Amino acid sequence: MTEAVTPKIPLEKQKLLTVNGDEAVAWAAKQSLVDVVAAYPITPQTIIVEKFSEFVANGEVHTEFVPVESEHSAMSACVGAAAAGARAFTATAANGLALMWEILYIAASLRLPIVLAVANRALSAPINIHCDHSDAMGMRDSGWVQLFVENVQEAYDTTIQAFRIGEDERVLLPVAVNLDGFFLSHTLENIHILPDEAVHEFLGGYRKVPKVKVDYFEEEVPLMLNPARPLSFGPLDLYDYYFEHKMHQIEAMKRVPEVVREVNEEWYALTGRRYGDGVLVPYEVEDADVIVTVLGSTAGTVRHIVKKLRGEGKKVGMVRIRMFRPFPHKELAEILKGTKVVGVMDRAISFGSYGPSFLEINTALYDLKEKPLLVNYVYGLGGRDAPPALIEKMFEELLRDAEKGFVEKKLRFLGVRE
Amino acid sequence: MIEVRWHGRGGQGAWTAANLLAMAAAIDGKHVQSFPAFGPERSGAPILAFTRISDKPIDLHSMVYDPDIVVVLDPTLLKNVKVTEGLKKGGLIVVNYEGSPDKLYQLLGIGRGEYRVVITPATKLALEILKRPITNTAMIGALLKAEKLVRFESIEKALYERFPKPIAERNVELIKKAYEEAREV
């Protein structure tokens, strides 16, 4: 793990940019030979599309840019484009993502590897432009692969990786790249980007659609809309075959983790950067009595506190969940087994239940013979900051729980007025 | 890690100043972050922006609560905003200010020797050189005089990256002038 490997493109051959998360995503899309971008602006995603439209206006990309009148249309246009064999990209947030909802399912069911950047933002009402994950959690059952990034560099890296993951013939699913609104979308950080050609090579050039055998053509044909070789996408499918088609989606999801891991390693060989195994990013978990799980940019602040507490001799650790769909139940259970208490941080809540990742982790741990105690921390709704002091307080509570050996309150709210 | 908090009013370019400093530090090979205290901007309303500069990758993704340095772009803020809030002991305060040092200490509500205080007449200089009261770059000049956070050439480079040449040129001139006139009081 620690052995140093010289990346194929060493850091000095990568270009230094100081950009915010939105711009980083736009740069990644620019280098990814995207054929069609259809988008509608919404804060905090707007800069992605703004920056990309600059690239279009300057003639720096070949992309067909479709400024649609709503997010429903944005995703619909991406579905049409991807079905015609194009590499399609869009970006949105919050209410915009909610408006896409119907078409999200269609994109996934038609097995179209569209890439969607979500600059995570709270849903109305009241109107709030700031970060939480309720938008992403609303699409969690739609059949999309969902990745969450921690910093601006990872937003760039992951956007490029998303095309490779989605277009892999073992997968053929759309991929959402989630970056925290404002905490990443509007925060400038220093990043390194690859030369264009290196990205093109990593992606294998323009999108290639797989070939399929259809009974009315003698030869295999590319799986795309083409008047010369007509195919139908998504026609009526009742109780005769619908269920089998869903089984295909279920099976495709099962193959995602191996592809995410491969792409993560390949990216490492190319750039010198990787994110855990691509699925989970553990830190100081080996002998930890308390482990906290977290999604997105808060992971950095949690790591900062883990370092501090380790310095004081406290046995704490963390796991960042980089891939939320498909959810890595088994792999996470493997890491969490043997620890005394797990604190699950959720920047969203399912009203009347718990936070979304808490439910997953409960499921993951059920089959363990000796289960860790579990606590759910819902935090940061509507962009409420999670400062280091607050994270430290959470760890102290969890360490006390570990000592007591039981948990009184399973669902806790972090940083809210009582 | 150094944390800088910028106090300004919407339209004075506090966020841009935070970004320029971060860009320059990145050119110097540092790890950086800069961001506004997020919210829809209203012209004239008090706003905050932040810059973090570090030799190591920056893990933190929360706002800045105990800065090492505060920079105040607009002296009228001193009446309503406690700019020293959370400032580390012995920290640095850089203010756009032309009045008497005694009055400034009174406005800041601090005693002599508690913090380092550096002033420059940024509004006057901005009006002279830019013909507009945009004080963000002037305050970068004053900040650099007090604390050599980045190389001057790097700030220059960042300005030319961020702005068209004529605007960058005038801002470089303004930074130099504000640097010259900055003094500890």
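**Section: the domain arrangement of chain A**
Residues and elements named next belong to chain A.
Working step 1: Each domain of chain A was delimited in the assignment, giving domain 1 (11–208 + 253–271) and domain 2 (280–414).
Working step 2: Put simply, the middle of domain 1 and the middle of domain 2, counted by C-alpha atoms, are 27 Å apart.
Working step 3: Opposite the 29 residues of domain 1 that make contact, domain 2 presents 23 residues.
Working step 4: At the boundary of domain 1 with domain 2, total buried surface from both sides reaches about 2200 Å², with 54% on carbon and sulfur atoms.
Working step 5: In terms of surface lost to domain 2, no three residues of domain 1 exceed Arg140, Phe148 and Glu150, which account for 27% of the buried area on that side.

**Observations regarding empty space enclosed by the protein**
Working step 1: Throughout the structure, instances matching the rule amount to one cavity of 30 Å³ or more.
Working step 2: By volume, the largest cavity is sized at about 30 Å³.
Working step 3: Along the lines of polarity and charge, the residues of the lining of the largest cavity split into three nonpolar, four polar and one charged.

**With respect to the pairing of strand β16 (residues 373–379) of chain A**
All names here are of chain A.
Working step 1: Summarising burial for β16: six of the seven residues are buried, a large majority.
Working step 2: Looking at chain direction, strand β15 (residues 341–346) and β16 are connected through six bridges and run parallel. By the bridge assignment for β16, Val342 is matched with Leu374.
Working step 3: For the handedness criterion, the β-α-β arrangement of β15, helix α11 (residues 356–365) and β16 is classed as right-handed.
Working step 4: For β16 and strand β17 (residues 411–414), the ladder comprises four bridges, and the chain directions are parallel. Residue Tyr379 lies in a different strand from β17, and its bridge partner there is Leu414.
Working step 5: This β-α-β element, β16 to helix α12 (residues 388–404) to β17, shows left-handed connectivity.

**Looking at the sheet that holds β15(A)**
Working definition: the strands of a sheet are paired by backbone hydrogen bonds and lie parallel or antiparallel to each other.
Residue and element names in this part refer to chain A.
Working step 1: One open sheet accounts for six strands, arranged β11-β13-β12-β15-β16-β17; its pairing is mixed. Where the open sheet ends on each side, the last strands, each with one partner, are β11 (280–283) and β17. Each adjacent strand pair in this sheet contributes to an overall mean axis angle of 20 degrees, direction not counted.
Working step 2: Here β11 pairs with strand β13 (residues 316–321) via four bridges, running antiparallel. Bridge assignment links Tyr283 to a residue of β13, and that residue is Met318.
Working step 3: The sheet contacts of α11 involve β12 (290–294), β13, β15 and β16, and relative to β15 the element is tilted by about 150 degrees.

**Observations concerning the packing of aromatic side chains**
Residues and elements named next belong to chain A.
Working step 1: Evaluated as defined, the whole model comprises 10 aromatic pairs over all chains.
Working step 2: Considering the side-chain rings of Trp27 and Phe55, the 5.2 Å spacing of their centres and the 70 degrees angle between planes classify their relative orientation as edge-to-face. Within this pair, whereas Trp27 is found in helix α1 (residues 21–31), its partner Phe55 is found in helix α2 (residues 46–57), the two being separated by 28 residues in sequence. Both residues of the pair, Trp27 and Phe55, count as buried.

**Side note on the sheet that holds strand β4 (residues 69–72) of chain B**
Working step 1: If you trace the nine strands from one edge of the open sheet to the other, you get β1(A)-β8(A)-β2(B)-β3(B)-β1(B)-β4(B)-β5(B)-β6(B)-β7(B), paired in mixed fashion. Since the sheet does not close on itself, it has two edges, and those belong to β1 (15–20) of chain A together with β7 (183–184) of chain B, each with one partner.
Working step 2: Direction of pairing for strand β1 (residues 2–9) of chain B relative to β4(B): parallel, over a ladder of four bridges. When the bridges of β4(B) are listed, B:Val4 appears paired with B:Ile69.
Working step 3: Sitting on the sheet, helix α2 (residues 101–108) of chain B is in contact with β5 (92–96) and β6 (116–120) of chain B, with an inclination near 120 degrees to β6(B).

The rules behind each value
Residues numbered from 1 in each chain as written. Chains lettered and ligands numbered in written order. Predicted model: local features only at pLDDT ≥ 70, side-chain atom pairs only at ≥ 80, totals over all residues. Heavy atoms only, no water. Domains from an automatic or database assignment. Contact = heavy atoms within 4.5 Å. Buried area = accessible area lost by both parts, 1.4 Å probe. 1 Å grid on protein atoms, 1.4 Å probe; cavity = no way out; pocket = protein on both sides within 12 Å on 5 of 7 lines; lining within 4 Å. Points joined across faces, edges and corners; volume = space filled by probe spheres on them. Nonpolar A, V, L, I, M, F, W, Y, C, P; charged D, E, K, R; others polar. Buried < 20%, exposed > 50% of the residue type's maximum accessible area, 1.4 Å probe, protein only. Helix = DSSP H or I, 4+ residues; strand = E, 2+ residues; numbered from the N terminus. Pairing = 2+ DSSP bridges. Right-handed = clockwise from strand over helix to strand, strands pointing away. Axes fitted to C-alpha atoms, helices over the stretch in contact; angles between N-to-C directions. Phe/Tyr/Trp six-rings, centres within 6.5 Å; stacked < 30°, edge-to-face > 60°.

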